[in-house]
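Read off the chains here:
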Amino acid sequence: SVIPFFQDKQKTGTLPITDERMTRFSITLQEGVDFVLQCLKNMWGGELFVPKIPSYRIIDVARAVNPNCQLEYVGIRPGEKLHEEMITETDALNTIEFKNYYVVLPSALPRWDTEEFRQKSDDSGHGQYVSDGFRYSSGTNPEFLSVDELSELISSQTCK
């Protein structure tokens with residue numbers, strides 16, 4: 001995680017930033033565990049569950065860790081991405097959106113009725129197929145954590 005890295009580096013007074021445009025998805029350990037348990041309850045077999053979670057900007061994490069540090073732009077390392085992408089445009093062809101998550105249907109024909117799955121697999125109502133061209137990326141996510149929200153999240157997670 002970048003947070004312990006920044007917490008350690010703040011002692012130098014400078015935080016290295018790969019790229020000011022860089023974003024990531026945010027999920028706590030407890031949120032991840034709760035999501036897995038929810039998926040086990042709702043799964044029919046072979047599908048992939050993707051949580052709807054907020055994004056954050058790396059530069060905002062640096063400001064949340066220590067707003068007084070200088071930021072040093074160090075550039076993207078080989079193989080590193082600007083944004084995480086949990087559902088690609090190709091995967092979207094077989095993706096159903098529910099209130100709190102997406103489901104990517106199995107690439108092989110499932111042994112169950114996908115229409116029945118779409119109508120019954122979520123307590124919040126029927127799922128809907130996502131639109132053509134949809135992708136779920138940390139850079140285009142509609143929900144971003146603010147610097148204040150990141151500060152609170154960091155405080156609550158490091159005290160445990």
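The structure contained in this document is the topic of the report that follows. All of these numbers come straight from a predicted model, not from anything done at the bench.

Cut-off values and rules
- Within each chain, residue numbers correspond to sequence positions counted from 1 in written order.
- Residues qualify for local features only when their pLDDT is at least 70, as the model is predicted, and side-chain atom pairs are given and counted only at 80 or more; totals for whole chains, interfaces and linings, by contrast, use all residues.
- Only hydrogens and water are set aside; all other atoms, that is, all heavy atoms of the structure, feed into the side-chain values.
- In this text, buried Ala, Val, Leu, Ile, Met, Phe, Trp, Tyr and Cys residues form a nonpolar core when linked through side-chain atoms within 4.5 Å.
- Burial classes: relative accessible area under 20% of the type maximum marks a residue as buried, over 50% as exposed, and values in between as partly exposed (1.4 Å probe, protein chains only).
- The secondary structure listing takes helices from DSSP runs of H or I that are at least 4 residues long and strands from runs of E that are at least 2 residues long, numbered from the N terminus.
- In what follows, a contact means two residues having at least one pair of non-hydrogen atoms within 4.5 Å.
- A pair of strands is considered paired only if DSSP assigns at least 2 bridges between the two.
- Only the stretch in contact is used when a helix axis is fitted, and all axes are lines through C-alpha atoms; the angle between N-to-C directions ranges over 0 to 180 degrees.
- Roughly parallel means an angle under 35 degrees; roughly antiparallel, over 145; roughly perpendicular, 65 to 115; everything else is oblique.
- A crossing counts as left-handed when the near helix is turned anticlockwise from the far one by less than a right angle, and as right-handed when that turn is clockwise.
- How far a helix is expected to stretch is found by multiplying one less than its residue total by 1.5 Å.
- Note that the arc is defined by the directions from the helix axis to the C-beta atoms.
- Residues enter patches when they are more than 30% accessible in relative terms and free of salt bridges; like-charged ones are connected within 9 Å and nonpolar ones (Val, Leu, Ile, Met, Phe, Trp, Tyr) within 5 Å.
- Note that accessible areas follow from Shrake-Rupley with a 1.4 Å probe, and for residues the cover is restricted to the protein chains shown.
- We define a salt bridge as a contact between a side-chain nitrogen of Lys or Arg and a carboxyl oxygen of Asp or Glu at a distance within 4 Å.
- Asp and Glu count as negative and Lys and Arg as positive, but His and the ends of the chain are not part of the count.
- By convention, charge coordinates are those of NZ in Lys, CZ in Arg, CG in Asp, or CD in Glu.

**Observations regarding the nonpolar core**
Counting residues in hydrophobic clusters, the biggest one holds 15 residues, and the most contacted among them are Val2, Phe6, Tyr56, Ile58, Val61 and Leu150. Secondary structure elements with two or more residues in this core: helix 1 (2-9), strand 1 (14-17), helix 3 (58-65) and helix 6 (147-158). Looking at this core, the element that brings in the most residues is helix 3, giving 5 residues. With residues up to four places along the chain from it excluded, the contact list for phenylalanine 6 reads Leu15, Pro16, Ile17, Ile58, Val61, Ala62 and Val65.

**Side note on the sheet that holds strand 8 (residues 101-104)**
Sheets are built from strands that pair by backbone hydrogen bonding, the pairs being arranged parallel or antiparallel. Pairing is antiparallel across the open sheet formed by 4 strands, whose spatial order is 3-8-7-9. At either end of the open sheet lies a strand with only one pairing partner, and these are strand 3 (48-51) and strand 9 (128-129). Contacts between helix 2 (residues 29-42) and the sheet are confined to strand 3 and strand 8, with strand 3 contributing the most and set at about 140° to the helix.

**Focus on the pairing of strand 8**
Every second residue of strand 8 is oriented toward a common face, with Tyr101 and Val103 on one face and Tyr102 and Val104 on the other, all of them buried. Taken together, the 4 bridges between strand 3 and strand 8 define a ladder with antiparallel strand orientation. Bridge pairing in strand 8 links phenylalanine 49 to valine 103. Of the strand pairs in this sheet, strand 7 (residues 95-97) and strand 8 are connected by 3 bridges, and their pairing is antiparallel. Looking at strand 8, one finds that glutamate 97 is bridged to tyrosine 102.

**Some thoughts on the side chain of threonine 28**
Topologically, threonine 28 is positioned in the loop between strand 2 (23-25) and helix 2. Not counting chain neighbours up to four residues away, the residues in contact with threonine 28 comprise Leu153 and Gln157.

**Notes on the packing of helix 1 against helix 3**
Running from N to C, helix 1 and helix 3 point in directions that differ by 45°, and their axes come no closer than 10 Å. It follows that helix 1 is oblique to helix 3 by the angle criterion. Seen along the crossing, helix 1 lies across helix 3 with a hand that is right-handed. Two secondary-structure elements touch here, helix 1 through Val2, Ile3, Phe6 and Gln7 and helix 3 through Ile58, Val61, Ala62 and Val65.

**Description of helix 2**
End to end, helix 2 covers 20 Å across 14 residues, agreeing with the expected 20 Å (1.5 Å per residue, within 8%). Buried residues of helix 2: Phe35, Cys39 and Asn42, and no others. The buried residues of helix 2 occupy an angular sector of 65° when the element is viewed end-on, so they sit on one face. Along helix 2, the residues that are exposed and aim more than 90 degrees away from the buried face are Leu29, Leu37, Leu40 and Lys41. Looking at the buried positions of helix 2, the neighbouring elements they touch are strand 3, strand 8 and helix 5 (114-120).

**A closer look at a negative patch on the surface**
On the surface, Glu143, Asp148, Glu149 and Glu152 cluster together into a negatively charged patch. Structurally, glutamate 149 can be placed in helix 6.

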